[in-house]
Structure formats: C-alpha cells, structure tokens
Amino acid sequence: MLHNNTIKNLKLDACYIRTFLKNGEDIIQKFNQLKLDGANVTVPHKENAYLLCDETRGISKDIGAVNTLVKEKGKIIGCNTDAPGFFESIKSFKNIKSALVLGAGGTAKAIAFILRKNGIVPTILNRSSKRLIFFKENNFKSFCWDNFTKERYDLVINTTSAGLKDENLPLEKNLLNNIMQNSNYAFDVIYGKSTPFIRLAHSNKLKTKDGSQMLINQAVFAFNLFYQNRFDTKVIESYMGKASFL
Ligand SMILES: NC(=O)c1ccc[n+]([C@@H]2O[C@H](COP(=O)([O-])OP(=O)(O)OC[C@H]3O[C@@H](n4cnc5c(N)ncnc54)[C@H](OP(=O)(O)O)[C@@H]3O)[C@@H](O)[C@H]2O)c1
C-alpha cells in the first residue's frame, strides 16, 4: 500500500506486488523470473539476499543483510534501508549518546551499526547468547540476560518481537523499569499497537516512538533507490504517509 499509493500518485507505470519465497536460495532466480526492476526482501531472507546479489552497497556490508534489491545495468544491487530508516525516525530525539538495544536479530544488527556510525554507543542485550557472537565479533558491547550489568542509557530500543502478538515485555519488568527510570527515550520497532514496552515507557514519562515512522522511512529510501533518487523524499513520504493501512 505504501508503494502502490505513491506509484499511483506519481502516475508511474509500475506496481508493487507480494510474492512468497519458499527457499531463500532462489531469490535471484525469482527476481529474474518475475522480470523485476526492484524488490524489497523481508524476514527470513535478508541474509540470503545479501549473499546472492551481484553487488552490495553502503551499511549493508556491515550488517550482512539487505532489504532492497535494484536492477542496475543488468546487475542486481543490494542495499539496506532499515538502518537509515530507523535513524531518520529518531532524529527528533535530542542529545542521545548511548542506547540499550534489546534483542540481537536482524533488526538489532541494522540499528546497532547505524547508531555507531552516528556516534551513539549501543549496548546489546539479548535473552540468549547465540546471536551475540556476531555483535562480539564486531566489537559491540553485548550481554545476555545472565551476565548483564546495567549502566545508564539515553535511549532504550525494543527490537524483539515481544509484544507483537502477545503481552510480553522484552525484559524482566523490574529491571526494565529500573533502566527506564534513568533514560529519556524509548523506541519500539513494533508498529500499529500499544505494546507493553511502550506502556511501561509512558508510565516512566519517557518520550516514545513506535516503528511506524521507521517502516515509512525504509520504504521511502527503497522507493527512491527503485527510481534512481529521482523524487523528493518529502513528496514520497507524503504519499506513503497517506497509505490507508496506517
Ligand atoms: N518498523 C519497522 O520498519 C521494522 C523493520 C524490521 C523489523 N521490524 C520488527 O522487528 C522485530 C524483530 O525482527 P527481527 O527480524 O530482528 O527478528 P529476529 O531476527 O527473529 O530476532 C528476534 C530477537 O528477539 C528476541 N526475542 C524474541 N521473543 C522474545 C521475547 N519474548 N523476549 C525477549 N526476547 C525475545 C530473540 O532472542 P533470542 O535470540 O533469545 O531468540 C531475538 O534476539 C519484529 O517484530 C519485526 O516485525 C520492524
């Protein structure tokens, strides 16, 4: 809806469709078979897309995952717009120097790298240890629940799916409450609902944001990649912001 609403308003000869990819290994074959000029890739195929496209650009090289594919002179180029999409959406948060990132999945990787690139020190905290290997290898301060020692963080970010289809918090309530009491901002990547994480942040009087602006921003950046940056991002955003599901 975000893309098709924009395509319609800009009177472009295109359409944005959904296709189910059973096997991530087949992503390039599928792209070619459908004769696509561009695509977005979602969970769980972002890592495979990164490995299989002809060329990768920008911060995707650090993250190891792409959510956007674009055909350029016969080659398939992979980019990551989740990371700048997230960062754009926290620009109204001022004086952030440190952040606690809850979760260690693909979204946490994108957020950790874009924070570091912009001079904000991220600490990663995950329920279990396996996914932390990537973060340790990339020199991020990272903990699992069992070995965590808390500090003060300006911003707390939920990148887990806790609260998406349940009423779970991404961290033990007393500990999260304690962290929030000393923070200024909270961000939840989940959008379209009031999560327990956001409600706890409100009760601690933090300034909050959910993932809806991040969703729009990653789509705006992807749309512009599809069209070689031909359009003003503000114009794209205005059409995307009016897409009816939001
Ligand atoms: N707003 C946007 O534009 C946007 C963009 C991308 C993704 N998202 C959202 O981001 C979320 C995460 O996506 P992802 O691709 O990063 O997922 P993922 O790769 O599957 O990672 C999920 C992470 O969440 C942790 N986790 C899951 N359930 C938990 C719970 N009940 N308590 C504590 N930790 C829990 C996992 O910990 P373990 O390692 O211990 O299993 C893991 O670190 C999804 O809700 C997705 O919809 C939003």
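Each remark here, short or long, concerns the structure printed above.
Nothing here was measured: the structure is a model prediction, and the numbers come from that model.

**Q** Tell me about the overall build of the protein chain, and name the residues and values.
**A** Looking only at helices and strands, the protein chain features eleven helices and ten strands. Taking 2.2 N^0.38 as the reference for a compact globule, 246 residues should give roughly 18 Å; the C-alpha atoms of the protein chain span a radius of gyration of 18 Å, in line with that estimate. Over its C-alpha atoms, taken along the principal directions, the protein chain stretches across nearly 55 × 35 × 35 Å. Across the 246 residues in the protein chain, those meeting the buried criterion constitute 49%. Pairs at least 24 residues apart make up 58% of the contacts formed inside the protein chain by residues separated by at least 6 positions.

**Q** I'd love a proper account of the pairing of strand 9 (residues 185-188), names of residues and values included.
**A** Across a regular strand the side chains alternate sides, sitting on one face of the sheet and then on the other. The two faces of strand 9 match: Tyr185 and Phe187 on one face and Ala186 and Asp188 on the other face are all buried. Traced from strand 8 (residues 155-158) through helix 8 (residues 173-181) to strand 9, the parallel crossover comes out right-handed. Taken together, the three bridges between strand 9 and strand 10 (residues 207-209) define a ladder with parallel strand orientation. Within strand 10, the position partnered with Phe187 by the bridge is Lys209. Read as a crossover between parallel neighbours, the route from strand 9 over helix 9 (residues 196-203) to strand 10 is right-handed.

**Q** I'd like a description of helix 9, backed by residues and values.
**A** Within the sequence span of helix 9, burial applies to Pro196, Phe197, Ile198, Leu200 and Ala201. Buried residues along helix 9 sit against strand 5 (98-102), strand 8, helix 8, strand 9 and strand 10. Count one or two residues on from helix 9 and you reach Lys205, which has phi positive near 65 degrees.

**Q** Describe the site of the ligand, and please don't skip the residues or the numbers.
**A** Inspection of the region around the ligand gives 23 residues, with Ala104, Thr107, Asn126, Ser128 and Arg131 positioned closest. Here an oxygen atom of the ligand sits 2.9 Å away from a polar atom, N or O, in the main chain of Ala104. The side chain of Thr107 places a nitrogen or oxygen atom 2.8 Å from an oxygen atom of the ligand. When contributions to the shell around the ligand are tallied by element, the ones reaching two or more residues are helix 6 (106-117) and helix 10 (212-226). Class assignment of the residues belonging to the shell around the ligand gives a composition of eleven nonpolar, ten polar and two charged.

**Q** Please provide a residue-by-residue account of the nonpolar core, values included.
**A** Phe86, Leu115, Leu155, Ile157 and Phe187 are the most contacted members of the largest nonpolar core, which totals 32 residues. For this core, the elements supplying multiple residues, two or more each, are helix 5 (82-89), strand 5, helix 6, helix 7 (132-137), strand 8 and strand 9. The residues contacting Leu155, other than those within four sequence positions of it, are Ile90, Phe93, Ile96, Ser98, Ala99, Leu100, Tyr185, Ala186 and Phe187.

**Q** Quick rundown of the sheet that holds strand 10? Include the residues and the values.
**A** The strand order across the open sheet built from six strands is 7-6-5-8-9-10, with neighbouring strands paired in parallel fashion. Only two strands of the sheet have a single neighbouring strand rather than two, namely strand 7 (141-144) and strand 10. Direction aside, the axes of adjacent strands within the sheet are offset by 20 degrees on average. In terms of strand pairing, strand 8 meets strand 9 through four bridges, oriented parallel. Opposite Asn158, over in strand 9, you have Asp188 as the bridge partner. Together, strand 5, strand 8, strand 9 and strand 10 form the strand contacts of helix 9, whose direction differs from that of strand 9 by roughly 170 degrees.

**Q** Please give an account of the packing of helix 5 against helix 10 that cites residues and values.
**A** Running from amino to carboxyl end, helix 5 crosses helix 10 at an angle of 130 degrees, the nearest separation of the two axes being 8 Å. Classified by the angle their axes make, helix 5 and helix 10 are oblique. Crossing hand, helix 5 versus helix 10: right-handed. For the pair formed by helix 5 and helix 10, the contact residues are Asp82, Pro84, Gly85, Phe86, Glu88 and Ser89 on the first element and Gln213, Met214, Asn217, Gln218 and Phe221 on the second. Residues belonging to the contact of helix 5 with helix 10 are distributed by class as follows: four nonpolar, five polar and two charged.

Criteria and thresholds
Residues numbered from 1 in each chain as written. Predicted model: local features only at pLDDT ≥ 70, side-chain atom pairs only at ≥ 80, totals over all residues. Heavy atoms only, no water. Helix = DSSP H or I, 4+ residues; strand = E, 2+ residues; numbered from the N terminus. Rg over C-alpha atoms; globule rule 2.2 N^0.38 Å. Buried < 20%, exposed > 50% of the residue type's maximum accessible area, 1.4 Å probe, protein only. Contact = heavy atoms within 4.5 Å. Right-handed = clockwise from strand over helix to strand, strands pointing away. Pairing = 2+ DSSP bridges. Near = heavy atom within 4 Å. Polar contact = N/O pair within 3.5 Å; in protein donor to acceptor, adjacent residues only side chain to side chain. Nonpolar A, V, L, I, M, F, W, Y, C, P; charged D, E, K, R; others polar. Core = buried A, V, L, I, M, F, W, Y, C linked by side-chain atoms within 4.5 Å. Axes fitted to C-alpha atoms, helices over the stretch in contact; angles between N-to-C directions. Parallel < 35°, antiparallel > 145°, perpendicular 65-115°, else oblique. Left-handed = near helix turned anticlockwise from the far one by under 90°.

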